Amino acid sequence: MSAHRLLVISRRFRGPPSSGNGGYTCGMLAAAASKPVEVRLIMPPPLDTRLEIVDDAETGGLKLLHGDKVVATATPKTFELDVPKPPTYGQALGAVSNYEGFQEHAYSDCFVCGPARQRGDGMRIFASPIEGSEVVAAAWMPDRSLVGADGKVLPEFMWAALDCPGFFATGAAARGPLLGTYAARIDRCVHLDTPCVVMGWALRHDGRKDVVGTAIFDNFGELCGRALATWIEPRPAA
């Protein structure tokens, strides 16, 4: 039987004000798995709190626990995802003035996409509509706080980067949907200060559920990672 592992989500890595960014949390749980997984968030991941990663004998995956409460599950699973052609870095950079988060943002302090966060603290990935296409995209240049000793972005931050462009691809960002299920495949971690394009696109909409794809490309236009996510819109107020 494997030893239990602990995970503490620092306040820096928040999404909503009092819980962990979904992509980062899923990436940390996925890093503890020895195989590709789909992570399902069951409840908002608490910050600055000792969480326990335990084996799930039923699925062959993992559970993330806060006391006796299940925060998230990681179930062995692979996925296929066709990725559209990305815009150029210049196009993504030029679109940022249309970032809807500058006008209204459900989680303006989000580690990944919050405009209230400064460079070197937040990731500042501002996915915006690209004219003449069905995608949203952001220009992103990873800073030193996101990389390991080899100069490459740590996998959990690749998962984080692939998260929020999907939030804006839902078309429901103003309603503040929450990440439900998330699976990412990282082919290559990008390097420090590499001009990257991160993009998102809608796949299907079903009631309060939105399924989206996201992808990261490096400065050579090479696909470095992709993700498939389900976002859940909050129930309308009665």
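Participant: Mind showing me how you'd approach the sheet that holds strand β11 (residues 223-232) here?
Facilitator: Pairing between sheet strands relies on hydrogen bonds along the backbone, with the strands arranged either parallel or antiparallel. In spatial order, the strands read β1-β3-β4-β5-β2-β8-β11-β10-β9-β7-β6; together these 11 strands make up an open sheet with antiparallel pairing. Each of the sheet's edge strands pairs with one partner strand only, and the pair in question is β1 (5-8) and β6 (128-129). Against the sheet, helix α1 (residues 22-31) engages β1, β2 (37-41), β3 (50-56), β4 (61-66), β5 (69-76) and β8 (178-186), with an angle of about 135° to β2.

Participant: What exactly am I supposed to notice about the packing of aromatic side chains here?
Facilitator: Centre distance and the angle of the planes are the two values used to describe a pair of aromatic rings. Counted under the stated rule, the structure contains 13 aromatic pairs. Measuring from ring centre to ring centre gives 5.4 Å for Trp 159 and Tyr 182, while their planes differ by 85°; the resulting arrangement is edge-to-face. Of this pair, Trp 159 sits in helix α3 (residues 155-161) while Tyr 182 sits in strand β8; the two residues are 23 residues apart in sequence, bridging distant segments of the chain. Through a chain of ring-to-ring contacts, the aromatic side chains of Tyr 99, Phe 102, Tyr 107, Phe 126, Phe 167, Phe 168 and Trp 231 assemble into a single cluster.

Participant: Which parts of the structure should I look at to understand unusual backbone geometry?
Facilitator: Most peptide bonds adopt trans geometry, and most residues besides glycine take a negative phi value. Here the phi dihedral of Arg 124 falls at roughly 55°; this positive angle occurs in a residue that is not glycine. In this structure, Arg 124 sits in the loop between α2 (89-94) and β6. Even without a glycine there, the phi angle at Asp 193 is positive, about 60°. Counting through the fold element by element, Asp 193 comes out in the loop between β8 and β9 (196-206).

Participant: What should I look at first to understand the pairing of strand β10 (residues 209-217) in this one?
Facilitator: The side chains of a regular strand alternate between the sheet's two faces. Burial analysis of β10 places 8 of its 9 residues in the buried class, the great majority of the element. Direction of pairing for β9 relative to β10: antiparallel, over a ladder of 9 bridges. In the strand pairing of β10, Met 199 is matched with Ala 215. For β10 and β11, the ladder comprises 9 bridges, and the chain directions are antiparallel.

Participant: Could you clarify how one ought to interpret α1 in this entry?
Facilitator: Because the α-helix completes a turn every 3.6 residues, residues three or four places apart line up on one side. Counting buried positions over the 10 residues of α1 gives 8, a clear majority of the element. Turning to α1, its buried residues number three or more, namely Gly 22, Gly 23, Tyr 24, Thr 25, Cys 26, Gly 27, Leu 29 and Ala 30. Where α1 starts, the residue carrying a side-chain oxygen 3.0 Å from the main-chain nitrogen of Gly 23 turns out to be Asn 21.

Thresholds, definitions, all that
- Note that residues are indexed from 1 along each chain, following the sequence as it is written.
- Local features in a predicted model are, by the rule used here, given only for residues with pLDDT of at least 70; side-chain atom pairs are given and counted only at 80 or more, and totals for whole chains, interfaces and linings are based on all residues.
- The basis for every side-chain value is the complete set of non-hydrogen atoms in the structure, without hydrogens or water.
- Being paired, for any two strands, means DSSP has found at least two bridges between them.
- Numbering of helices and strands runs from the N terminus, with a helix taken as a DSSP run of H or I at least four residues long and a strand as a DSSP run of E at least two residues long.
- The contact definition used throughout considers only heavy atoms, calling two residues in contact when any of these lie within 4.5 Å.
- For helices, the fitted line uses only the C-alpha atoms of the stretch in contact; every axis is such a line through C-alpha atoms, and the angle between N-to-C directions lies from 0 to 180 degrees.
- Working definition: a ring pair exists when centres of Phe, Tyr or Trp rings (six-membered ring for Trp) sit within 6.5 Å. Plane angles under 30 degrees give stacked, over 60 give edge-to-face, the rest tilted.
- Accessibility here uses a 1.4 Å probe with only protein chains present; expressed as a share of the type maximum, an area under 20% marks a residue as buried, one over 50% as exposed, and anything in between as partly exposed.
- For this analysis, a polar contact is any N or O atom pair within 3.5 Å, provided that within protein one partner can donate a hydrogen and the other can accept it, and provided that sequence-adjacent residues contribute only side-chain to side-chain pairs.

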